[in-house]
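Below, each chain spelled out in residue letters.
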Number of protein chains: 2
Amino acid sequence: MADTDDFDRHNKKMAKKKLARDKIMASKTGQKGLVIVHTGKGKGKSSAAFGMIFRHIAWGQACAVVQFIKGGMESGEKKLITGQFGDICQFYAMGEGFTWETQDRSRDIEMAQAAWEKAKALILDKNNKMVLLDEINIALRYDYLDIGEVVRFLSEEKPEMTHVVLTGRNAKPELLEIADLATEMELVKHPFRAGIKAQIGVEF
Amino acid sequence: MADTDDFDRHNKKMAKKKLARDKIMASKTGQKGLVIVHTGKGKGKSSAAFGMIFRHIAWGQACAVVQFIKGGMESGEKKLITGQFGDICQFYAMGEGFTWETQDRSRDIEMAQAAWEKAKALILDKNNKMVLLDEINIALRYDYLDIGEVVRFLSEEKPEMTHVVLTGRNAKPELLEIADLATEMELVKHPFRAGIKAQIGVEF
């Protein structure tokens, strides 16, 4: 029967694929703390980062979050982490909102610097297996933080096994240059364009 | 002083930006259940979807997950949700692994169909504010599921206020066509290329 032949062919093809894949995977034996960047205009940059934070929480691995911008808004992830997982995941909302909300550049700079000091301390604490620097790219873009200093710290001072995740649009090329893993979230379709507002559980 | 002038200019620019933004946001008043697609070769498709699931959990909104492919592997998100949030988030791992792992097309089809039946029941249950169909795009790509049937169900039978999130590479154009929100996760850099294996908290 043709159907059985098709299935058989598929199964053989998949067996071959598995062999090739297993061989590739066997060659991947290294472990290291990664510099991970989520950028682009699409949604999912922070959500995906928090997804990894929750994975760490799930496995009992200490981790930490510093929010550079979004501090003004109560978010589900903040509520859940501070409410139930504060013992394993430190959470610092250091920003007061997007820069066009605050309209005060000198205060924005002060807050970004304070957040960066906190971030460095958390990264240097080897208990933390992952540190998320949420929306730091916004602070870097407006030069509230010096990209050279951030790149230098991640390259020279970050403990070898610690993962650091940096999110936000417009990641600087210098940051992408030193990243181990970088994803560009590209906008294909966005409901704001159709008059839909930010909704609970989706955007916050 | 030039510095003060610069700061002043920045603050005025930001005030103008806020005005424009507030006006745009005020026009976004609609609420609806969204069809959300995460696709592309980059990382973060499932992580971002689970980020939204955890937001729902945080706000006490019932939700559900059906995994079409990844069932064979223990993941942090599965462990955390089934271990601590089973009362608010139903979790069904219906797949046995990627199709090249199982090498049995007829069983893959059976399992994908069973997962789809479960998915439909969860979506039709209006208690669930969000239902995540994780890696369903793989099942659609190999025609384990009929794309026409999935599109028809989401367009005609999905309750109006329910969010459905569909993840996986190679999303079919028919699905993107009916999506309200779609993000393509584009691979910029991946550590597997540098011999680094899948690591706890990052990939699973």
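Bear in mind that the values here come from a model prediction, so they are computed numbers and not experimental data.

About the criteria used
- Throughout this document, residue positions are counted from 1 along each chain, in the order its sequence is written.
- Key to labels: chains lettered from A, ligands numbered from 1, both in the order written.
- Only residues with pLDDT of at least 70 get local features here, since the model is predicted, and only at 80 or more are side-chain atom pairs given and counted; chain-wide, interface and lining totals rely on the full set of residues.
- In computing side-chain properties, one takes all heavy atoms of the structure into account and sets aside hydrogens as well as water.
- Only the stretch in contact is used when a helix axis is fitted, and all axes are lines through C-alpha atoms; the angle between N-to-C directions ranges over 0 to 180 degrees.
- Secondary structure follows DSSP: runs of H or I at least 4 residues long count as helices, runs of E at least 2 residues long count as strands, and numbering of each begins at the N terminus.
- Small angles under 35 degrees read as roughly parallel and large ones over 145 as roughly antiparallel, with 65 to 115 read as roughly perpendicular and the rest as oblique.
- Take the far helix as the reference: if the near one is turned anticlockwise from it by less than a right angle, the crossing is left-handed, and if turned clockwise, right-handed.
- Should any heavy atoms of two residues lie within 4.5 Å, those residues are considered in contact.
- Amino acids outside the nonpolar list (Ala, Val, Leu, Ile, Met, Phe, Trp, Tyr, Cys, Pro) and the charged list (Asp, Glu, Lys, Arg) are all regarded as polar, and Gly is one of them.
- Here the quantity called buried area is the accessible surface, traced with a 1.4 Å probe, that two parts lose on coming together, added over both.
- Just to be clear on terms, a salt bridge is a Lys or Arg side-chain nitrogen sitting within 4 Å of an Asp or Glu carboxyl oxygen.
- A pair of strands is considered paired only if DSSP assigns at least 2 bridges between the two.
- Least-squares superposition of the copies uses the C-alpha atoms of those residues scoring a pLDDT of at least 70 in each of them.
- Only a pair of cysteine sulfur atoms within 2.5 Å counts as a disulfide in this structure description.
- A 1.4 Å probe rolled over the protein chains alone gives each residue an accessible area, and that area as a share of the maximum for its type sets the label: buried under 20%, exposed over 50%, partly exposed in between.
- In this tally, Lys and Arg are treated as positive and Asp and Glu as negative; His is ignored, and so are the chain termini.
- Whenever a nitrogen or oxygen atom comes within 3.5 Å of another N or O atom, the pair is scored as a polar contact, on the condition that within protein one atom can donate a hydrogen and the other can accept it, and that pairs from neighbouring residues in sequence are kept only if both atoms are in side chains.

Draft legend 1. Region of interest: the packing of helix α2 (residues 45-58) of chain A against helix α3 (residues 76-84) of chain B. Closest axis-to-axis distance for the α2(A)/α3(B) pair is 8 Å, and the angle between their directions is 65 degrees. Considered as vectors, α2(A) and α3(B) are oriented roughly perpendicular to each other. For α2(A) against α3(B), the interelement crossing comes out left-handed. Facing α2(A), whose interface residues are A:Phe54, A:Arg55, A:Ile57 and A:Ala58, α3(B) presents B:Gly76, B:Glu77, B:Lys79 and B:Leu80. Across the contact of α2(A) with α3(B), the residue classes tally to 4 nonpolar, 1 polar and 3 charged.

Draft legend 2. Layout of the interface of chain B and chain A. Counting residues at the interface gives 79 residues for chain B and 79 residues for chain A. Both faces considered, chain B and chain A share a buried interface measuring about 7,200 Å² in area, 62% of it formed by carbon and sulfur atoms. Taken together, the connections running from chain B to chain A amount to 2 salt bridges. Between B:Arg55 and A:Glu77 there is a salt bridge; the shortest N-O distance is 2.7 Å. Secondary-structure elements contributing two or more residues to the side of chain B that touches chain A are α1 (2-26), α2 (45-58), α3, α4 (99-102), α5 (105-124), α8 (173-178) and β6 (181-189) of chain B. The dominant element in the side of chain B that touches chain A, judged by the number of residues it contributes, is α1(B), at 10 residues. The residue inventory of the side of chain B that touches chain A, partitioned by class, reads 33 nonpolar, 24 polar and 22 charged. Here 7 bridges tie strand β6 (residues 181-189) of chain A to β6(B), and the two strands are oriented antiparallel to one another. Across the sheet, residue A:Glu184 finds its bridge partner in β6(B), namely B:Glu186.

Draft legend 3. Here's a closer look at the relation of the copies chain B and chain A. Turning chain B through 180 degrees and shifting it by 0.0 Å along the axis lays it on chain A, with an RMSD of 0.0 Å. A rotation of that kind, with that shift, is consistent with a two-fold axis. Nearest to the rotation axis, the C-alpha of B:Ala48 is located 1.8 Å from it, this being the minimum over chain B. Most of the interface of chain B is mirrored in chain A, where 100% of its interface residues are also at the interface.

Draft legend 4. Geometry of the sheet that holds strand β1 (residues 35-39) of chain B. Reading across the sheet, the 12 strands line up as β3(A)-β2(A)-β4(A)-β5(A)-β1(A)-β6(A)-β6(B)-β1(B)-β5(B)-β4(B)-β2(B)-β3(B) and stay open at both edges, with mixed pairing between neighbours. Of all the strands in the sheet, the pair left with one neighbour each is β3 (89-93) of chain A together with β3 (89-93) of chain B. Averaged over all neighbouring strand pairs, the angle between strand axes comes to 15 degrees, with direction disregarded. Sheet analysis places strand β1 (residues 35-39) of chain A next to β6(A), joined by 4 bridges and oriented parallel. When the sheet's bridge partners are listed, A:His38 is paired in β6(A) with A:Thr183.

Draft legend 5. Local environment of the state of the cysteines. All names here are of chain A. Tallied over the full model, the rule gives 0 disulfides over all chains. This cysteine, cysteine 63, is not joined by any disulfide, and cysteine 89 carries the nearest cysteine sulfur, 3.7 Å off. Classification of cysteine 89 by relative accessible area gives buried; the value is 2%.

Draft legend 6. Quick peek at unusual backbone geometry. Not every positive phi belongs to a glycine, and A:Glu135 is a case in point at roughly 65 degrees. Inspection of the secondary structure assignment puts A:Glu135 in the loop between β4 (130-134) and α6 (136-141). A:Glu135 gets classed as buried once you look at its relative accessible area, which sits at 7%. Positioned with a positive phi, B:Asn170 is a non-glycine residue whose angle comes to about 55 degrees. In this fold, B:Asn170 is placed in the loop between β5 (163-167) and α8. Residue classification places B:Asn170 among the partly exposed positions, given a relative accessible area of 39%.

Draft legend 7. Region of the structure containing the pairing of β5(B). Residue and element names in this part refer to chain B. A large share of β5 lies buried, amounting to 5 of its 5 residues. Neither face of β5 is left uncovered, since the one carrying His163, Val165 and Thr167 and the one carrying Val164 and Leu166 both have all their residues buried. Two elements, β1 and β5, share 4 bridges in a ladder whose sense is parallel. Bridge pairing in β5 places histidine 38 opposite threonine 167. As judged from the 4 bridges shared by strand β4 (residues 130-134) and β5, these two strands associate in the parallel manner. Following the sheet pairing, leucine 133 is matched in β5 by leucine 166.

Draft legend 8. Looking closely at the side chain of A:Lys45. Residues and elements named next belong to chain A. Structurally, lysine 45 can be placed in helix α2. Among buried Asp, Glu, Lys and Arg side chains, lysine 45 stands out as unpaired, with glutamate 135 the closest opposite charge at 6.4 Å. There is a polar contact of 2.9 Å between the side chain of lysine 45 and the backbone oxygen of glycine 40. Apart from residues lying up to four places away in sequence, lysine 45 is in contact with His38, Thr39, Gly40, Thr167, Gly168, Arg169 and Met185.

This is a description of form; function is not addressed.
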